[in-house]
Amino acid sequence: GPFCRLYPGVDVALEVVNRDQAIERLAANRDDIYIMGVPPDHLPTERHPFLENPLVVIAPRDHPLAGHRHVELARLAKEPFIAREPGSGTRIAAEKFLASHRITPRNRMQLGNNEAVKWTVAAGLGIAVISRHALMLEPMHDQLAVLDVQGFPIRRSWYVVYPTGKRLSVVAKTFFDYLRQEAFTIQEELSGPPPRAGKKKPRPKARLFATGPLARTVLGISAWLRRIARFRWSHAARPWRPCPPCT
């Protein structure tokens, strides 16, 4: 992507897991920086918001509430929810918001990634709360609708997180500075000259770490996801499994 073109000598290694696994790695200081939607409160960390991450309610395109304006929040209590796995930052934020309005969602399923959530909602099995950025990654506009619900979108941010007192490497600090500077333009299509051919040289590596939604949101927003192929990353998010219907 643009960062790699600016710094062709840097090789970025990105690993993607859920929030619980990210917190474990953060506590052990295994990586240079971490990008999270809900930083942990029980660990001493430096946390810097750099990009808004609004959460919205999605439903099948033919849902009875699709197209309605100012849907009452209490109406959601009657709908089956497709939830993220326990420990997910999206789930924590959504449940906290609903609980503040005395609403307990009826979770029909809990799934381990945003793609599974979107396809399950599109199949008509329930509604879900999801990052608006996750809707930009696949052309599913003919299958999903964003509901106009009172109190939504839930406003939150993506954060760069690292242990308090940690001295960032030069490469990690450079990437951190780049994120802060480019946060408002990261969704734009950027073009650049093709990479130069030539003999490859050893590259310094920066280890970044991100929670599950991030791979398909912050680093995947719009065109950046399609350019992220240069990043070496592995997906360690847990596979999704349906949970029994709540009673």
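Whatever comes next refers back to the structure up there.
A quick note: this is a predicted structure, and the numbers were derived from the prediction, not measured.

A. Here's a closer look at helix 3 (residues 89–100). Helix length check: helix 3 (12 residues) gives 17 Å between terminal C-alpha atoms against 16 Å at 1.5 Å per residue, within 8%. Taken together, the buried positions of helix 3 are occupied by Gly 89, Thr 90, Arg 91, Ala 93, Ala 94, Phe 97 and Leu 98. If you check the start of helix 3, you find a side-chain oxygen 3.2 Å away from the backbone N of Thr 90, and it comes from Ser 88. Downstream of helix 3 by a residue or two, Arg 102 has a phi angle that is positive, lying close to 60°.

B. Local environment of the layout of surface pockets. By volume, the second largest pocket is sized at about 260 Å³. In terms of lining residues, the second largest pocket is bounded by 15 residues, among which Gly 37, Val 38, Pro 39, Ile 92 and Lys 96 are the most central. Of all elements in the fold, only helix 3 and strand 9 (157–163) reach the threshold of two or more residues within the lining of the second largest pocket. When residues in the lining of the second largest pocket are grouped by element, the largest group, five residues, is from helix 3.

C. Fine view of empty space enclosed by the protein. Evaluated as defined, the whole model comprises five cavities of 30 Å³ or more. There is about 110 Å³ of room inside the largest cavity. Along its surface, the largest cavity is lined by 13 residues, and Phe 81, Ala 83, Arg 91, Ala 94 and Val 129 are the ones closest to its centre. Broken down by secondary-structure element, the contributors of at least two residues to the lining of the largest cavity are strand 5 (80–84), helix 3 and strand 7 (128–131). Here the lining of the largest cavity is built from residues that sort into eight nonpolar, two polar and three charged.

D. Inspection of the sheet that holds strand 8 (residues 144–147) at higher detail. A sheet is described by the order of its strands in space; here three strands give the open sequence 7-4-8, paired in antiparallel fashion. Unpaired on one side and paired on the other, strand 7 and strand 8 mark the two borders of the sheet. Neighbour to neighbour, the strand axes of the sheet diverge by 50° on average, direction disregarded. Sheet topology places strand 4 (residues 55–60) next to strand 8; four bridges connect them, and they run antiparallel. Residue pairing for strand 8: Ile 58 is matched across the bridge by Val 146.

E. Looking closely at the pattern of salt bridges. Applying the stated criterion across every chain, the model contains eight salt bridges. Here Arg 25 ties to Asp 31 by a salt bridge, and the two come within 3.0 Å at their closest N and O atoms. Each member of the pair, Arg 25 as well as Asp 31, is classed as buried. Of the charged contacts in the structure, one is a salt bridge between Arg 91 and Glu 95, with a shortest N-O distance of 2.9 Å. Of this pair, Arg 91 and Glu 95 both sit in helix 3, four residues apart, roughly one helical turn. Looking at Glu 95, the relative accessible area reads 31%, which means it is partly exposed. Salt bridges here are not isolated pairs; linked through shared partners, they connect Glu 15, Arg 25 and Asp 31.

F. Seen up close, the packing of aromatic side chains. Under the definition given, this model contains two aromatic pairs. On the basis of an interplanar angle of 75° and a centroid distance of 5.1 Å, the ring pair of Phe 97 and Phe 152 is categorised as edge-to-face. Within this pair, whereas Phe 97 is found in helix 3, its partner Phe 152 is found in the loop between strand 8 and strand 9, the two being separated by 55 residues in sequence. Using a relative accessible area of 13% as the deciding quantity, one classes Phe 152 as buried. Ring centres 6.4 Å apart and planes at 70° place the aromatic pair Tyr 162 and Phe 176 in the edge-to-face group. One end of the pair, Tyr 162, is in strand 9; the other, Phe 176, is in helix 5 (residues 170–182), and 14 residues separate them in sequence.

Calculation notes
- Residues numbered from 1 in each chain as written.
- Predicted model: local features only at pLDDT ≥ 70, side-chain atom pairs only at ≥ 80, totals over all residues.
- Heavy atoms only, no water.
- Helix = DSSP H or I, 4+ residues; strand = E, 2+ residues; numbered from the N terminus.
- Expected span 1.5 Å × (residues − 1).
- Buried < 20%, exposed > 50% of the residue type's maximum accessible area, 1.4 Å probe, protein only.
- Polar contact = N/O pair within 3.5 Å; in protein donor to acceptor, adjacent residues only side chain to side chain.
- 1 Å grid on protein atoms, 1.4 Å probe; cavity = no way out; pocket = protein on both sides within 12 Å on 5 of 7 lines; lining within 4 Å.
- Points joined across faces, edges and corners; volume = space filled by probe spheres on them.
- Nonpolar A, V, L, I, M, F, W, Y, C, P; charged D, E, K, R; others polar.
- Pairing = 2+ DSSP bridges.
- Axes fitted to C-alpha atoms, helices over the stretch in contact; angles between N-to-C directions.
- Salt bridge = Lys/Arg side-chain N within 4 Å of Asp/Glu carboxyl O.
- Phe/Tyr/Trp six-rings, centres within 6.5 Å; stacked < 30°, edge-to-face > 60°.

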